[in-house]
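The lines below spell out each chain.
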Amino acid sequence: MALEIQHRLDVMAERLAANGWRLSGHGRVQVVTLNLAMGLEGYALGYPEVASETLWMFIPGPQEREWRGDFAMESPLVRQNVRAMLEEARRHGKAKGPVTLSRRSVRWTKRDLERDSLRVALALNSPLYLDAVAYPEGKGWRLELQGRAAARYPARNRIALGRWFGQWLVIEEGLFAALQDAGWLHPYVAVWSWTVEEGDSRLAL
């Protein structure tokens, strides 16, 4: 089944490339159907965040769309950067007020995807930009974090969506970029907010 799905995706991408990356009316309907199916399937496969981001692209709206949730902490790469931000806050000593921390970026390579959280990477790898404000609390710090990632398809990029029935499924994002160009999808910046406090067990090495 996975081989059949991969074949269909490759054929669609080849036809689009042969047509100068311009979708016909029928082609748009096919790609819309595929994108809707991917979004809905994301919920079933345990990737609710990228599923939501995908489906919201069909609806015109603001340049930024906000969610609250700490799913990004499932990623070792994200936790590594959050630990570094907490260390930066600690270097401020006994600050009397909030401290704005340095922005950090997180990028996942294909190799990273073999050992990191695919759920996080699919939703946030555009790359992810991390911002935080640190608030002194007792003997420690509380970080109010925001992660920003572009919900936008690049013109040419093959991305692995994970293993389906034991095989990696790879898709050409240019299919969906063509929908953006046609005005059928509406890119935006996804903003995810969450809180991390001193002593959070997820930051333990």
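Our subject in this report is the structure included herewith. (Residues numbered from 1 in each chain as written. Predicted model: local features only at pLDDT ≥ 70, side-chain atom pairs only at ≥ 80, totals over all residues. Heavy atoms only, no water.)

Here strand 1 (residues 64–68) shows one buried face, formed by Arg 65 and Trp 67, and one open face, formed by Glu 64, Glu 66 and Arg 68. With five bridges joining them, strand 1 and strand 8 (residues 188–197) adopt parallel strand pairing. Across the sheet, residue Arg 65 finds its bridge partner in strand 8, namely Ala 190. (Buried < 20%, exposed > 50% of the residue type's maximum accessible area, 1.4 Å probe, protein only. Helix = DSSP H or I, 4+ residues; strand = E, 2+ residues; numbered from the N terminus. Pairing = 2+ DSSP bridges.)

Inspection of the secondary structure assignment puts Asn 81 in helix 4 (residues 76–90). There is a polar contact of 2.9 Å between the side chain of Asn 81 and the backbone oxygen of Leu 77. Not counting the four nearest positions on each side in its chain, Asn 81 is found in contact with Arg 104, Ser 105, Val 106 and Leu 130. (Polar contact = N/O pair within 3.5 Å; in protein donor to acceptor, adjacent residues only side chain to side chain. Contact = heavy atoms within 4.5 Å.)

This brings us to the environment of Arg 91. In this fold, Arg 91 is placed in the loop between helix 4 and strand 2 (99–100). Through-space distance from the C-alpha of Arg 91 to that of Lys 110 is 34 Å; in sequence the pair is 19 residues apart.

Where helix 2 (residues 25–45) meets helix 7 (residues 174–181), the axes come as close as 10 Å, and the angle between the chain directions of the two elements is 115 degrees. As the angle between them shows, helix 2 and helix 7 are arranged roughly perpendicular. In this structure, helix 2 meets helix 7 at a crossing whose hand is left-handed. Along its contact with helix 2, which presents Arg 28, Val 31, Val 32, Leu 34, Asn 35 and Met 38, the element helix 7 presents Leu 175, Phe 176 and Leu 179. Here the residues of the contact of helix 2 with helix 7 sort into seven nonpolar, one polar and one charged. (Axes fitted to C-alpha atoms, helices over the stretch in contact; angles between N-to-C directions. Parallel < 35°, antiparallel > 145°, perpendicular 65-115°, else oblique. Left-handed = near helix turned anticlockwise from the far one by under 90°. Nonpolar A, V, L, I, M, F, W, Y, C, P; charged D, E, K, R; others polar.)

So yeah, pure geometry; function would need other evidence.
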